[in-house]
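Here's the letter readout for the chains.
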Amino acid sequence: MRLPDVLVLNPAAAERLNVRRIPLLAVGVAVDDSASVRGRLARPRIVFSGGDTRARTGVFPVPASERADGLIGPGALPHDVITIRLGPARAGEHEIAFTLREADDWVGASRTGDLDVRVRFDVAHPASVFNRTAARALDASGAVVSAGDLVSAHVLLGLTTQMQPVTTSLTVEGLALGTTRARTNAPLLGADDPDAVVVTVEDEGAEPPGVQLGREALATCSSITVTRATRRLVLRCV
């Protein structure tokens, strides 16, 4: 759920569906400090069972998905209540509730260790990912420990960012993170290195600390439900 209220179509699908681009309007996407990719903007009518919408749609020169004709953000769906089924319901389930900052942008708030974080959800990938701000803070406190080399990882539309695998005992609302990575532009040192000298540079433009929960963290959950009117997201987990 990396897209809030937009649709991204693969170029072949846009041509097949005869999606008309809006003249003179372009859209750009960038990830961290990597190169950006530019595309064209459209507003096609999309028909769903029980309603239709005209979602903001980006058409880029590279595919957004290898498994489908594109990607759609949950905020682009014309429904007041949206449920994503992650698996069968199980006995003993309880609710984990988040209040969303915006009804169409599924970002909640929680606390992990000593850090307040914004929480996103990624049902397409197994690993959980800390953003750079959270990674720096948790590395400094020793809450995450490097578990491998810094590598370039694909994010979206051919764009990459640098991530490092980490181990941690941290949880979010009682959910273990499973496989975990940290976005970072420099190798993590870890507070347990007695010879490490850590220099912290404040970045006024840095995003707040955040974590994206992957499928492994959501393995004990059967569904995600969002009610737009109350801006409430509920996980049902055992």
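Details of the structure are given in the entry above.
Just so it is clear, the structure is predicted and the values come from calculations on it, not from any experiment.

1. Looking at the sheet that holds strand 9 (residues 94–99)
Okay, step 1: Sheet architecture is open: 4 strands sit in the order 8-20-21-9, paired in antiparallel fashion. Across the chains shown, the open sheet's two edge strands, defined by having one partner strand only, are strand 8 (81–85) and strand 9. Across this sheet, the average inter-strand angle for adjacent strands is 15°, counted without regard to direction.
Okay, step 2: As paired strands, strand 20 (residues 221–227) and strand 21 (residues 232–237) are joined by 6 bridges and run antiparallel to one another. Across the sheet, residue Thr 225 finds its bridge partner in strand 21, namely Val 234.

2. Overview of the sheet that holds strand 2 (residues 21–30)
Okay, step 1: Strand order in the open sheet formed by 5 strands is 2-3-6-1-7, with mixed pairing between adjacent strands. One side of each edge strand has no neighbouring strand; the edge strands of this open sheet are strand 2 and strand 7 (70–72). The mean inter-strand angle of the sheet, taken between neighbouring strand axes irrespective of direction, is 30°.
Okay, step 2: With 3 bridges joining them, strand 1 (residues 6–9) and strand 7 adopt antiparallel strand pairing. Each residue of the ladder has a partner; that of Leu 9, found in strand 7, is Gly 70.

Definitions and cut-offs
- Along each chain, residue indices are assigned from 1 in the same order as the chain's sequence is written.
- In keeping with the predicted nature of the model, local features appear solely for residues at pLDDT of at least 70, side-chain atom pairs appear and are counted solely at 80 or more, and the whole-chain, interface and lining totals rest on all residues.
- The side-chain numbers reported here are obtained from all heavy atoms of the structure, hydrogens and water having been left aside.
- In short, DSSP must find at least two bridges between two strands for them to pair.
- For helices the rule is a DSSP run of H or I covering at least 4 residues; for strands it is a run of E covering at least 2, with both sets numbered from the N terminus onward.
- For helices, the axis comes from a line fit to the C-alpha atoms of the stretch in contact; other axes are also lines fit to C-alpha atoms, and the angle between any two N-to-C directions lies between 0 and 180 degrees.

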